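Listed here are the chains, written in short residue letters.
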Amino acid sequence: MWRHGRLVCAAGALLGTMAVAEIDDLDHFFASQAIKTRPDPTVARHSPPFVRAIDHAIPPALLPRLIKDAEVARSLSATDSGLKHGKKVTYFHKVGVRDGLVSGAHPTAASGKRPGPHPRFATEEAILHLAKLGFATGEFEKLGIVGAEWWYHSLPEPGSIQFHYDKDEAVASDQMRMVFPLVSTVSYLTSVGGPTVILNMTSVDGTHHVPPIAAVGHFSYPVGGRHTMFDGRMLHGVLPAPTDGPDSGHTRITLLVNWWTNTPHAPNCRALTPAEASRFVAASGPPPPPPP
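Everything numeric here is computed off the predicted structure, so don't read it as measured data.

Trainee: Explain the overall build of the protein chain residue by residue, including any values.
Mentor: Helix and strand counts for the protein chain stand at six helices and 15 strands. A burial count over the protein chain gives 50% of its 292 residues as buried. Of the contacts made within the protein chain by residues no fewer than 6 positions apart, 83% connect residues no fewer than 24 positions apart. For the protein chain, the exposed surface amounts to about 13900 Å²; the carbon and sulfur share of it is 60%.

What follows is the structure, encoded as structure tokens:
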């Protein structure tokens, strides 16, 4: 059922309850976005998850370069990763003070903080751009963000992605527990395919959910250049596009960037190797030089 652009789900009951630790800094950040999100059984049932969509977030000149990077990522993921449960590798890019994300967009010599290395290719350029777009000055330091996990999805239409939680996949595989990113994001590089659906439901083990039935959710439809941020603890997935719709036979391409307060564990998430990085550099070319 539709209510004011949100989905109210009345089917698919999921059993179980859990206690969720207080995360004051996270809740303060989401409160600053004017949306209450704490996944407590008494409030999550009636409160929408934190979702913020920004249109025209990706500069038009950057979109085709990111699509080239997506093709490189697809090629790299085609090889057998050897990870448990058939999982695919994601990549981690450290960001922070040296990128000007703590004390200002342009650190000065007087502050003793040097600018970080210039982005090597389009994806790294996009990560830095999205960080400055999505977070106010000082929020990285306050929230303790250490970097970005990133990967691409290239989904032929009609296609879907099952509902899931973003998490430290190595910990989930080895310890059967959930460690979430602070904020999950999806950036649409094409205006193709079905919507991302984000529900007000979370879990500590992937089996027991709070609330047991999702009461509210948001649809985020693919529009090239749109950037959607949401609480990294929330259940989400992608619905298929109509099989007879105009998107049939096209590809839904997204860049996923998740912000972490700790580095997700290898081997599931790791830095690019020099050889892998060189392929992205060759594909999307170095970005314009920074201003003097």
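From this point, the discussion proceeds with the structure in view.
Trainee: Describe the packing of helix 2 (residues 63-77) against helix 3 (residues 122-134), and please don't skip the residues or the numbers.
Mentor: Closest axis-to-axis distance for the helix 2/helix 3 pair is 8 Å, and the angle between their directions is 120 degrees. By the angle class used here, helix 2 and helix 3 are oblique. By crossing handedness, the relation of helix 2 to helix 3 is classed as left-handed. Residues Arg65, Leu66 and Asp69 of helix 2 touch helix 3, and the partners they reach there are Ala122, Thr123, Glu125 and Ala126. Partitioned by chemical class, the residues of the contact of helix 2 with helix 3 number three nonpolar, one polar and three charged.

Trainee: Quick rundown of the pairing of strand 12 (residues 227-231)? Include the residues and the values.
Mentor: In terms of burial, strand 12 is a largely internal element, five of the five residues being buried. Sheet topology note: the strand 3 (residues 51-54)/strand 12 ladder contains four bridges and is antiparallel. Note that in strand 12 the partner of isoleucine 54 across the bridge is histidine 227. Alignment of strand 7 (residues 183-188) against strand 12, held across five bridges, turns out to be antiparallel. Bridge pairing in strand 12 places serine 187 opposite histidine 227.

Trainee: Could you give an account of helix 6 (residues 274-284), with specific residues and numbers?
Mentor: Taken residue by residue, helix 6 has Glu276, Ala277, Phe280 and Ser284 as its buried positions. Projected onto a plane normal to the axis of helix 6, the buried residues spread over an arc of 100 degrees and lie on a single side. Looking at helix 6, the residues exposed on the side facing more than 90 degrees away from the buried face are Pro274, Ala275 and Ala282. Those residues of helix 6 hidden inside the fold are in contact with helix 2, strand 4 (90-94), helix 3, strand 5 (147-156) and strand 15 (269-270).

Trainee: Give a detailed account of the confidence of the model for the protein chain, specifying residues and quantitative values.
Mentor: Per-residue pLDDT for the protein chain averages 77, and the proportion of residues at 70 or more is 71%. When the criterion is pLDDT under 50, residues 1-49 qualifies, and its contacts beyond four places in sequence or with other chains add up to 115 contacts. When the criterion is pLDDT under 50, residues 102-115 qualifies, and its contacts beyond four places in sequence or with other chains add up to 18 contacts.

Trainee: Residues and numbers for the nonpolar core, please.
Mentor: Counting residues in hydrophobic clusters, the biggest one holds 35 residues, and the most contacted among them are Leu66, Phe135, Trp150, Tyr152, Trp259 and Phe280. Top contributing element to this core by residue count: helix 2, with six residues. Excluding anything up to four places from it in sequence, tryptophan 150 contacts Thr90, Tyr91, Phe92, His93, Phe121, Thr123, Ile127, Leu256, Val257, Leu272 and Phe280. Of all hydrophobic cores here, the second largest spans nine residues; its members include Met178, Val197, Met201 and Phe219.

Definitions and limits used
One numbering rule holds for all chains: residues counted from 1, following each sequence as written. It should be noted that, the model being predicted, local features are given only for residues of pLDDT at least 70 and side-chain atom pairs only at 80 or more, the latter also being counted only at that level, while totals for whole chains, interfaces and linings use all residues. The side-chain values count all of the structure's non-hydrogen atoms but skip hydrogen atoms and water molecules. Numbering of helices and strands starts at the N terminus; helices are DSSP runs of H or I of at least 4 residues and strands are runs of E of at least 2. Throughout this description, buried means an accessible area under 20% of the type-specific maximum (1.4 Å probe, protein chains only), exposed means over 50%, and partly exposed covers the range between. Only heavy atoms enter the contact rule, under which two residues are in contact if any of them lie within 4.5 Å. The Shrake-Rupley method, run with a 1.4 Å probe, gives the accessible areas here. Residue values count only the displayed protein chains as cover. Every axis corresponds to a line fitted to the C-alpha atoms, with the helix fit spanning only the stretch in contact, and the corresponding angles, defined between N-to-C directions, vary from 0 to 180 degrees. Angles below 35 degrees are treated as roughly parallel, those above 145 as roughly antiparallel, those between 65 and 115 as roughly perpendicular, and all remaining angles as oblique. Whether a crossing is left-handed or right-handed is set by the direction in which the near helix is turned from the far one by less than a right angle, anticlockwise for left-handed and clockwise for right-handed. In this classification, the charged set is Asp, Glu, Lys and Arg, the nonpolar set is Ala, Val, Leu, Ile, Met, Phe, Trp, Tyr, Cys and Pro, and all remaining amino acids, among them Gly, are polar. Only when DSSP finds a minimum of two bridges between them are two strands counted as paired. It is the directions from the helix axis to the C-beta atoms that the arc portrays. On a scale of 0 to 100, pLDDT captures the predictor's confidence in every residue. As used here, the term nonpolar core means buried Ala, Val, Leu, Ile, Met, Phe, Trp, Tyr and Cys residues forming a set that is joined through side-chain atoms within 4.5 Å.

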